[in-house]
Amino acid sequence: MTTSTRTKFTLPKINLNGTSAQSLFDEYIDAQDAIRKAINILQACTCHGRDFQCNPVGDYNQAQFERADILAKLEDGLDYCQAWIDNANEAMES
């Protein structure tokens, strides 16, 4: 595996002895779709201050921070999938 200068992810040099570029492309498209769905569902989930009224002060703010952190990690997952998609697409074009 090599690290591309264009991405922060380690990507394979696609070759005849490995997984086909088309298979990788399709798999990471599917993964990206699933992550997008997870993001949309999580964003629609309730995280409201009224649910924290019996908690210690600051818990609601902490919950909002944790939610934003998880959503950011899912966005990172989208970037990861896109890097693999781009890598596979380049191999299919050459």
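Computed from a predicted structure; not experimentally measured.

1. A closer look at the overall build of the chain
- For the chain, the helix and strand inventory stands at two helices and two strands.
- N-terminal to C-terminal, the α/β element order of the chain is β-β-α-α.
- For the chain, the C-alpha radius of gyration of 19 Å lies well beyond 12 Å, the compact-globule estimate for 94 residues.
- Seen through its principal axes, the chain has C-alpha atoms that stretch 60 × 25 × 20 Å.
- For the chain, with 94 residues in total, the buried portion stands at 20%.

2. Observations concerning helix α1 (residues 21-44)
- Over its 24 residues, α1 extends 35 Å from the first C-alpha to the last, a length consistent with the 34 Å expected when each residue adds 1.5 Å.
- Here α1 has its buried residues at A21, L24, Y28, Q32, I35 and I39.
- The secondary structure elements touched by the buried residues of α1 are α2 (59-93).

3. Things to note about the environment of N89
- Mapped onto the elements, N89 comes out in helix α2.
- The class for N89 is partly exposed, based on a relative accessible area of 29%.
- Residues N89 and L24, 65 residues apart in the sequence, show an inter-C-alpha distance of 9.1 Å.

4. Here's the deal with the confidence of the model for the chain
- Here the chain shows a mean pLDDT of 94. Residues at 70 or above account for 93%.
- Low confidence marks residues 1-5, where pLDDT is under 50. Its contacts with residues over four positions away, or in another chain, come to nine contacts.

5. Notes on the nonpolar core
- Of all hydrophobic cores here, the largest spans 14 residues; its most connected members are L11, L24, Y28, I35, I39 and W84.
- Broken down by element, the residue count for this core peaks at seven residues, all from α2.
- If near-sequence neighbours (up to four positions away) are discounted, L24 is found in contact with I14, T19, W84 and A88.

6. A few points about the packing of aromatic side chains
- In this structure the tally under the stated criterion is five aromatic pairs.
- Each ring, one from Y28 and one from W84, has its centre 4.7 Å from the other, and the planes form 15°; the classification is stacked. You can see Y28 sitting in helix α1 and its partner W84 sitting in helix α2, a full 56 residues away along the chain.
- Judged by relative accessible area, Y28 falls into the buried class, the value being 16%.
- Every member of this aromatic cluster is reached through a ring pair, and the members are F9, Y28, Y80 and W84.

Criteria and cut-off values
- Residues numbered from 1 in each chain as written.
- Predicted model: local features only at pLDDT ≥ 70, side-chain atom pairs only at ≥ 80, totals over all residues.
- Heavy atoms only, no water.
- Helix = DSSP H or I, 4+ residues; strand = E, 2+ residues; numbered from the N terminus.
- Rg over C-alpha atoms; globule rule 2.2 N^0.38 Å.
- Buried < 20%, exposed > 50% of the residue type's maximum accessible area, 1.4 Å probe, protein only.
- Expected span 1.5 Å × (residues − 1).
- Contact = heavy atoms within 4.5 Å.
- pLDDT = per-residue confidence, 0-100.
- Core = buried A, V, L, I, M, F, W, Y, C linked by side-chain atoms within 4.5 Å.
- Phe/Tyr/Trp six-rings, centres within 6.5 Å; stacked < 30°, edge-to-face > 60°.

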